[in-house]
Amino acid sequence: LTNVPQEVGDCVGHGAAHAATYVFARQCVQTGRVNEFHEVHASYCYGIARVQIGKGQISGDGAAGAWAAEGLRQYGFIFLIDGVPPYSGQLSRRWGSRPGVPANFIDFGKQFLIKTVARARNANDVRDGLCNGYPSTVASNVGFKMNPPVVDGRLINSPSGNWNHQMCVIAYD
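Residues numbered from 1 in each chain as written. Predicted model: local features only at pLDDT ≥ 70, side-chain atom pairs only at ≥ 80, totals over all residues. Heavy atoms only, no water.

Novice: Can you walk me through the environment of tryptophan 67 in this structure?
Specialist: Relative to the assigned elements, tryptophan 67 resides in helix α3 (residues 65-75). Residue classification places tryptophan 67 among the buried positions, given a relative accessible area of 17%. Tryptophan 67 sits 22 residues away from cysteine 45 along the chain, and the two C-alpha atoms are 9.4 Å apart. Excluding anything up to four places from it in sequence, tryptophan 67 contacts Ala49, Arg50, Ile53, Gly54, Gln57 and Ile58. (Helix = DSSP H or I, 4+ residues; strand = E, 2+ residues; numbered from the N terminus. Buried < 20%, exposed > 50% of the residue type's maximum accessible area, 1.4 Å probe, protein only. Contact = heavy atoms within 4.5 Å.)

Novice: Got a minute to help me understand the packing of aromatic side chains in this structure?
Specialist: The description of an aromatic ring pair uses the distance of the two centres, along with the angle that the planes make with each other. Enumeration over the complete set of coordinates arrives at 10 aromatic pairs. Judged by centre distance (6.4 Å) and plane angle (85°), the ring pair of phenylalanine 24 and phenylalanine 112 falls under edge-to-face. Linking phenylalanine 24 in helix α1 (residues 11-31) with phenylalanine 112 in the loop between α5 (103-109) and α6 (123-131), this pair joins segments that are 88 residues apart in sequence. Phenylalanine 24 sits in the buried class, given a relative accessible area of 7%. Aromatic side chains phenylalanine 79 and phenylalanine 112 sit 4.8 Å apart centroid to centroid with 75° between the ring planes, which places their arrangement in the edge-to-face category. Here phenylalanine 112 lies in the loop between α5 and α6 and phenylalanine 79 lies in the loop between α3 and α4 (89-95), a separation of 33 residues in the sequence. Given a relative accessible area of 22%, phenylalanine 112 falls into the partly exposed group. Taken together through their ring pairs, the aromatic side chains of Phe24, Phe37, Phe77, Phe79, Phe108 and Phe112 make up a single cluster. In this arrangement the basic side chain of arginine 26 is found over the ring face of tyrosine 134, its NZ or CZ atom lying 4.7 Å from the centre. (Phe/Tyr/Trp six-rings, centres within 6.5 Å; stacked < 30°, edge-to-face > 60°. Lys NZ or Arg CZ within 6 Å of the ring centre and 35° of its normal.)

Novice: Before we go on, may I ask you to explain empty space enclosed by the protein in this structure?
Specialist: To find leftover empty space, a probe the size of one water molecule is rolled over the atoms. A complete count under the given rule lists two cavities of 30 Å³ or more for this structure. In this structure, the largest cavity occupies an estimated 110 Å³ of space. Every residue along the wall of the largest cavity is listed here: Leu1, Thr2, Val4, His14, Ala17, His18, Thr21, Glu39, Val40, Ala42, Leu80 and Tyr87. Looking at the lining of the largest cavity residue by residue, the class counts come to seven nonpolar, four polar and one charged. (1 Å grid on protein atoms, 1.4 Å probe; cavity = no way out; pocket = protein on both sides within 12 Å on 5 of 7 lines; lining within 4 Å. Points joined across faces, edges and corners; volume = space filled by probe spheres on them. Nonpolar A, V, L, I, M, F, W, Y, C, P; charged D, E, K, R; others polar.)

Novice: Teacher, can you tell me more about the layout of surface pockets here?
Specialist: If you add up the space inside the largest pocket, you get close to 1300 Å³. Lining the largest pocket are 41 residues, with Val117, Ala118, Pro135, Ser136 and Thr137 positioned closest to its centre. Put simply, the parts of the chain that give the lining of the largest pocket at least two residues each are α1, α3, α6, β1 (136-144) and β4 (159-169). With seven residues, α1 is the single largest residue contributor to the lining of the largest pocket. Roughly 370 Å³ of volume is contained in the second largest pocket. In terms of lining, the second largest pocket is formed by Val138, Ser140, Val142, Phe144, Lys145, Met146, Pro148, Leu155, Asn157, Trp163, Met167 and Val169. Ranked by residues supplied to the lining of the second largest pocket, first place goes to β1 with four residues.

Shown next, in the form of structure tokens:
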């Protein structure tokens, strides 16, 4: 997968897009249609979360992770393909402000709905979902030390301060 660097405070769009990308990739492999695989568009996920679901409640950058999950359920996702503008922070800000994502892209996205989302309440819920082939996202305001120690060959980080961020979780160790 392509690691598209986040340019603005649209991490919710990136986290949701990565999770949807992994769900779609799994479906393509399971159905033998790997040639149909495309990555999911972060700016679309961000715009849908902020405008269609969040109703413009946040000024400046940012969105709620639950809004992105609901956006994927109601409005689906679009791909980074020809005919769709590529990701950029500027596009995320444009689609994340009223009037939001253009209607033609929303109509296309509704063909690719994430049919079920579930709230993970703890690490075991995330682990169980991952073991059953479902990625997860974590949206929180917990900050961490930026220089975690290595313990038994693993980076072990400790909470420190606040940092609003969303990430996609694709593995559990």
